[in-house]
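# Tertiary structure, described
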Amino acid sequence: MGLFSKIKSMFSKVNETEVTEIEKETEIVEQNLEEEKEIPTEVVKQKIEEKEEIPTEVVEKEIKEEKISTKPVEKEKPKEVVKKEKEEKASVEEVELPKVDVKKAKVYEKGLTKTRNSFVSSLIGLTNKYEKINEEYFEELEEILIMADIGVNTVMKFMDRLRDRVKKDKIDNPEDLKEVIVDELFIIYVDDSILESKIKFAESGPTVLLFVGVNGVGKTTTIAKLAHQMIERDKKVLLVAGDTFRAGATKQLEEWAERVGAGFIGKEEGADPAAVVFDGIEKAKSDNYDVVMIDTAGRLQNKVNLMNELEKINRVIAKSIPDAPHETLLVIDATTGQNGISQAKAFKEITNITGIVLTKLDGTAKGGIVLAIKEEVNIPVKYIGLGETKDDLQAFDIEDYIYGLFKDMM
């Protein structure tokens, strides 16, 4: 089963199990009726008369013997046939589909509306325009994908794979290609790798999350939303204002800490960020905090200074807590499109990025950037922002994303 069919099944309202049970019961009833039709009326009457004259014990014995004698003897199947049947059964009985989180699915569906209305409606229009797949079809599809901000390199790779599939599977109807398009986009994102989309928590002691990104991408808001979600999961969270460069950054994070019920550590504007981080780590250890979230400056235009600052912060953290930071999350504004990918490449050169938080995805019609970032920088998207509320920051799930994106095609 391809991804398109799998996700379609996951989100279907029909209970396939109940339908299957009804079909089985119907088959049994029909079979019984057919068997009754085959017995002549005279024979039925005769059997009834015989049963009236014969004692009950004898009748039951005869019925049992009749059942045994009339049951066809099955020949033992060769081992090769049995093995093949087992393999075929295993291929049909796929892993049970996970239960759909309806609330989460709705958030994805709503948040990806702009992309879906632009991107998917164009794909549907293209499908309706052509009766046969030809070079003109491929050229228009290529343009649609690039306009969705999937990225030129990603699109070129995707088109090569799609052409190969069309040739290999002898597909000539654009309608039949819709499922293949969804499958191939999924394959490009996964790329035979294990997707680490969950936060890596420390086995003991505080888990340290370091947030990086340019100013204005929603970094502070993202920290606050994630802190709120973890506090709701009974985690004790500490926010650390490591951005001492931007005016008002410390005060803003302090206000968010009060609103969500998190602890806070910060110093005056212009203080040494590494010193603030040191104080935060020490407080987290002494007061038994579960999670430490550290904000940092976003002066990407001065890469050398930023690199030195992040290196110093990382040294301070690792000295107090070995193997920390456990995650370094790069926050990117999805509405910046290809500029966001450039930021990802630049920050990857500066520090070790373990995951990406893609904010404001609901505000763009170019939601294909999710696929482009993974392809261009090989860093998994761990969270996506799909709105203004705290619940709109969602842990990234590729299947929910694909459903939210291609819902109108299913």
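The notes below deal with the structure included here.

Rules and cut-offs
Residues numbered from 1 in each chain as written. Predicted model: local features only at pLDDT ≥ 70, side-chain atom pairs only at ≥ 80, totals over all residues. Heavy atoms only, no water. Helix = DSSP H or I, 4+ residues; strand = E, 2+ residues; numbered from the N terminus. Buried < 20%, exposed > 50% of the residue type's maximum accessible area, 1.4 Å probe, protein only. Contact = heavy atoms within 4.5 Å. Areas by Shrake-Rupley, 256 points an atom, 1.4 Å probe, with all protein chains shown as cover. Salt bridge = Lys/Arg side-chain N within 4 Å of Asp/Glu carboxyl O. 1 Å grid on protein atoms, 1.4 Å probe; cavity = no way out; pocket = protein on both sides within 12 Å on 5 of 7 lines; lining within 4 Å. Points joined across faces, edges and corners; volume = space filled by probe spheres on them. Nonpolar A, V, L, I, M, F, W, Y, C, P; charged D, E, K, R; others polar. Polar contact = N/O pair within 3.5 Å; in protein donor to acceptor, adjacent residues only side chain to side chain. Pairing = 2+ DSSP bridges. Axes fitted to C-alpha atoms, helices over the stretch in contact; angles between N-to-C directions. Parallel < 35°, antiparallel > 145°, perpendicular 65-115°, else oblique. Left-handed = near helix turned anticlockwise from the far one by under 90°.

### Examining the overall build of the protein chain
- For the protein chain, the count of helices and strands is 17 helices and eight strands.
- Looking at the protein chain as a whole, 43% of its 410 residues are labelled buried.
- Expressed as a percentage of contacts within the protein chain between residues at least 6 apart in sequence, the contacts between residues at least 24 apart total 76%.
- Roughly 23,400 Å² of accessible area belongs to the protein chain as shown, and the carbon and sulfur atoms make up 49% of that amount.

### Observations regarding the pattern of salt bridges
- On inspection of all chains with the given rule, the structure shows 18 salt bridges.
- The partner of Glu140 in a salt bridge is Lys129, and the shortest N-O contact between them spans 2.7 Å. Taken together, the residues Glu140 in helix H8 (residues 135-147) and Lys129 in helix H7 (residues 113-129) connect sequence positions eleven residues apart.
- With a relative accessible area of 56%, Lys129 lands in the exposed category.
- For the salt bridge of Lys178 with Glu175, the shortest nitrogen-to-oxygen distance reads 2.9 Å.

### A few points about empty space enclosed by the protein
- Counted by the stated rule, this structure contains one cavity of 30 Å³ or more.
- Taken as a whole, the largest cavity encloses approximately 30 Å³ of empty space.
- Considering the residues around the largest cavity, the lining is formed by Leu123, Ile124, Leu126, Thr127, Tyr137, Lys178, Ile181 and Met409.
- Among the secondary structure elements, those contributing two or more residues to the lining of the largest cavity are H7 and helix H10 (174-190).
- In terms of residues, the lining of the largest cavity owes the most to one element, H7, which gives four residues.
- The residue makeup of the lining of the largest cavity, split by class, is six nonpolar, one polar and one charged.

### Focus: the environment of Glu376
- Its place among the elements puts Glu376 in helix H16 (residues 369-377).
- Its relative accessible area of 22% is what places Glu376 among the partly exposed residues.
- Leave out the neighbours within four places in its chain, and Glu376 touches Asn153, Thr154, Ile341 and Lys345.
- A distance of 3.5 Å separates a polar atom in the side chain of Glu376 from a polar atom in the side chain of Lys345.

### So, the pairing of strand E5 (residues 327-333)
- Counting buried positions along E5 gives seven out of seven residues, so the element sits mostly inside the fold.
- Side chains Glu327, Leu329, Val331 and Asp333 of E5 all project onto a buried face; the interleaved residues Thr328, Leu330 and Ile332 project onto the opposite face, where all are buried too.
- Pairing of E5 with strand E6 (residues 355-359), which is carried by five bridges, proceeds in the parallel orientation. Residue pairing in the sheet places Leu329 in a bridge with Gly355 of E6.

### Topic: the sheet that holds strand E4 (residues 291-295)
- Strands sit in the order E3-E2-E4-E1-E5-E6-E7-E8 across an open sheet of eight strands; the sheet is mixed. Edge strands, defined here as strands with exactly one partner in the open sheet, are strand E3 (263-265) and strand E8 (393-395). Within this sheet the neighbouring strands show an average axis-to-axis angle of 20°, counted without direction.
- Pairing analysis gives four bridges linking strand E1 (residues 207-212) to E5, with the strands arranged parallel. Residue pairing across strands places Leu209 opposite Glu327, the latter belonging to E5.
- Set on the sheet, helix H6 (residues 102-111) makes contact with strand E7 (381-385) and E8; between it and E8 the angle comes to about 120°.

### Comments concerning the packing of helix H15 (residues 338-350) against H16
- Put simply, H15 and H16 touch, their axes get as near as 10 Å, and they point 30° apart. Between H15 and H16, the crossing angle belongs to the class labelled roughly parallel. When the axes of H15 and H16 are compared, the crossing they make is right-handed. From H15, Ile341, Ala344, Lys345 and Lys348 reach across to H16, where they touch Ile369, Ala372, Ile373, Glu376 and Val377.
- Among the residues forming the contact of H15 with H16, the class breakdown is six nonpolar, no polar and three charged.

### Points about unusual backbone geometry
- Here the amide bond leading from Ala324 into Pro325 is cis, since omega sits at 0°, within 30 degrees of zero.
- Mapped onto the secondary structure, Pro325 falls in the loop between helix H14 (303-320) and E5.
- Residues other than glycine seldom take positive phi values, yet Lys170 does so here, at roughly 55°.
- On the basis of relative accessibility, which here comes to 72%, the residue Lys170 falls in the exposed class.
- Even without glycine at this site, Asn378 takes up a positive phi of about 55°.
- Inspection of the secondary structure puts Asn378 in the loop between H16 and E7.

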